[in-house]
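A look at the structure
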Amino acid sequence: MSASGKLAGKRIAVLAADGVEGMELDAALAALKDAGAQAALVALRPGRLRSMHGHQPHDLVKVDSRVDDVQAADYDGLLIPGGYIAPDLLRQSAPARAFVRAFDAAGKPIAAMSHAALVLVSCGLAAGRTLTSWPGVRDDLVNAGAVWCNQDAVRDGRFLTSRTPQDAAAFVRALLPLLAGELDAGAAAPQADSDPPQQAPSELPDQSLRWLAAPSLGAMLSLAIVGVGVVAANRSLRKRGGRDAPAGPAEAVQDA
């Protein structure tokens, strides 16, 4: 059976917040749509979310429902994309934690990408599980009682986790069978111990931060216009108050 139509009739909740990783969100939503699923973006607030590409702003994404207004019973599965910011916001939200726990209590599939494994930790769902995640939060999972695997995607029963945005393709290949209710045909014997932590960061912060946009020409022109306005206002005040009024710093430069 082809991937197209594999999830026809399935309703999948995509739980996210501002700062969600756009590469992961886009890949997952495209795969769900191609498979015939109805994906609903559930968030902490209505309106639009700002997705990110690493550390930089990406797209604005329309929210379908607030997490306070929906129930796990309305959906067949749950997907939580990652990112540096969104999972941290979700794990601090009591309604979001309750929403995730309700999927687990109902025996429904839960998929978490990269940093989103932290949401599982805060929901008390990591203990005894074999999971992967963004390598930088490996210790959080291990300390919560999970066995951490340094693999692109790891499935443990009804749970599926991925490692980095670059592993989205492998994650999607495992996501569709998970949400379709298929058994994990390629399941290996679970690891007894966690893989060791990495010896170097997956992405050095300065590698992405160094490419942050410099002030645009429009921004610089706006600042220049504001400066001209300040000078003009100072001159106007001096004309009203007489030439004996002290010159402001900006005008002192102009009159020099």
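See the structure printed just above.
This section reports on the structure supplied with the text. (Residues numbered from 1 in each chain as written. Predicted model: local features only at pLDDT ≥ 70, side-chain atom pairs only at ≥ 80, totals over all residues. Heavy atoms only, no water.)

Below, the discussion takes up the nonpolar core. Formed by 59 residues in total, the largest nonpolar core has its most connected members in Leu 15, Leu 32, Leu 78, Leu 79, Phe 99, Val 100 and Leu 141. With residues up to four places along the chain from it excluded, the contact list for Leu 141 reads Ala 117, Leu 118, Val 121, Leu 131, Thr 132, Ser 133, Ala 146 and Trp 148. (Core = buried A, V, L, I, M, F, W, Y, C linked by side-chain atoms within 4.5 Å. Buried < 20%, exposed > 50% of the residue type's maximum accessible area, 1.4 Å probe, protein only. Contact = heavy atoms within 4.5 Å.)

Contact geometry of helix α1 (residues 22–34) with helix α6 (residues 168–180) gives a least axis separation of 10 Å together with a crossing angle of 40 degrees. Between α1 and α6, the angle falls in the class oblique. Note on packing geometry: the crossing formed by α1 with α6 is right-handed. Here α1 contributes Ala 27, Ala 31 and Leu 32 to the contact with α6, which in turn contributes Ala 168, Val 172, Leu 175, Leu 176 and Leu 179. Residue classes in the contact of α1 with α6 are distributed as eight nonpolar, no polar and no charged. (Axes fitted to C-alpha atoms, helices over the stretch in contact; angles between N-to-C directions. Helix = DSSP H or I, 4+ residues; strand = E, 2+ residues; numbered from the N terminus. Parallel < 35°, antiparallel > 145°, perpendicular 65-115°, else oblique. Left-handed = near helix turned anticlockwise from the far one by under 90°. Nonpolar A, V, L, I, M, F, W, Y, C, P; charged D, E, K, R; others polar.)

Once that is clear, we can look at unusual backbone geometry. Residue Ser 114 is not a glycine yet carries a positive backbone phi of 45 degrees. With respect to the element layout, Ser 114 can be found in the loop between β7 (110–113) and α4 (117–122). Its relative accessible area of 1% is what places Ser 114 among the buried residues.

Here we come to the side chain of Arg 163. Relative to the helices and strands, Arg 163 is located in the loop between β11 (159–162) and α6. Of note is the side chain of Arg 163, whose polar atom sits 2.9 Å from the side chain of Asp 167. With near-sequence residues (within four places) excluded, Arg 163 lies in contact with Ser 114, Thr 132, Ser 133, Trp 134, Pro 135, Asn 150, Gln 151 and Asp 152. (Polar contact = N/O pair within 3.5 Å; in protein donor to acceptor, adjacent residues only side chain to side chain.)

Here the focus is the pairing of strand β4 (residues 56–62). Across five bridges, strand β3 (residues 48–53) lies against β4 in antiparallel orientation. Of the residues in β4, the one forming a bridge with Leu 49 is Val 61. Connecting the antiparallel pair β3 and β4 is a turn made up of two residues, with Gly 54 showing a positive phi of about 70 degrees. (Pairing = 2+ DSSP bridges.)

Under the definition given, this model contains eight salt bridges. A salt bridge links Asp 104 to Arg 158; the shortest N-O distance between them is 3.0 Å. Of this pair, Asp 104 sits in helix α3 (residues 94–105) while Arg 158 sits in the loop between β10 (153–156) and β11, and the two are 54 residues apart along the sequence. (Salt bridge = Lys/Arg side-chain N within 4 Å of Asp/Glu carboxyl O.)

Residues Tyr 84, Ile 85 and Leu 89 make up a contiguous nonpolar surface patch of roughly 230 Å² in combined accessible area. Structurally, Leu 89 is set in helix α2 (residues 86–91). (Patch = residues over 30% accessible without salt bridge, like charges linked within 9 Å, V, L, I, M, F, W, Y side chains within 5 Å. Areas by Shrake-Rupley, 256 points an atom, 1.4 Å probe, with all protein chains shown as cover.)

The next point concerns α3. The periodicity of an α-helix, 3.6 residues per turn, causes residues three or four positions apart to be oriented the same way. An ideal rise of 1.5 Å per residue puts 16 Å on 12 residues; α3 measures up with 16 Å between its terminal C-alpha atoms. Here the buried face of α3 lies against β1 (11–15), β2 (38–43), β6 (77–80), α2, β7 and α4. Of the residues that open α3, the one with a side-chain oxygen 3.2 Å from the backbone nitrogen of Ala 96 is Ser 93. Remark: Gly 107 follows α3 within two positions and exhibits a positive phi of approximately 70 degrees. (Expected span 1.5 Å × (residues − 1).)

One can find Ser 133 in the loop between β8 (130–131) and α5 (138–143). Take Ser 133: its relative accessible area is 0%, and that puts it in the buried class.

Turning our attention to the sheet that holds strand β5 (residues 65–66). Pairing within the open sheet is mixed, and its seven strands lie in the order β5-β2-β1-β6-β7-β11-β10. Strand pairing shows two members of the sheet lacking a second neighbour, β5 and β10, which therefore form its edges. Bridge analysis of β6 against β7 gives three bridges, and the strand direction is parallel. Bridge assignment links Leu 78 to a residue of β7, and that residue is Ile 110.

Neither face of β6 is exposed, since Gly 77 and Leu 79 on one face and Leu 78 and Ile 80 on the opposite face are all buried. Bridge count between β1 and β6: three bridges; the pairing is parallel. Across the sheet, Ile 12 pairs through a bridge with Gly 77, a residue of β6.

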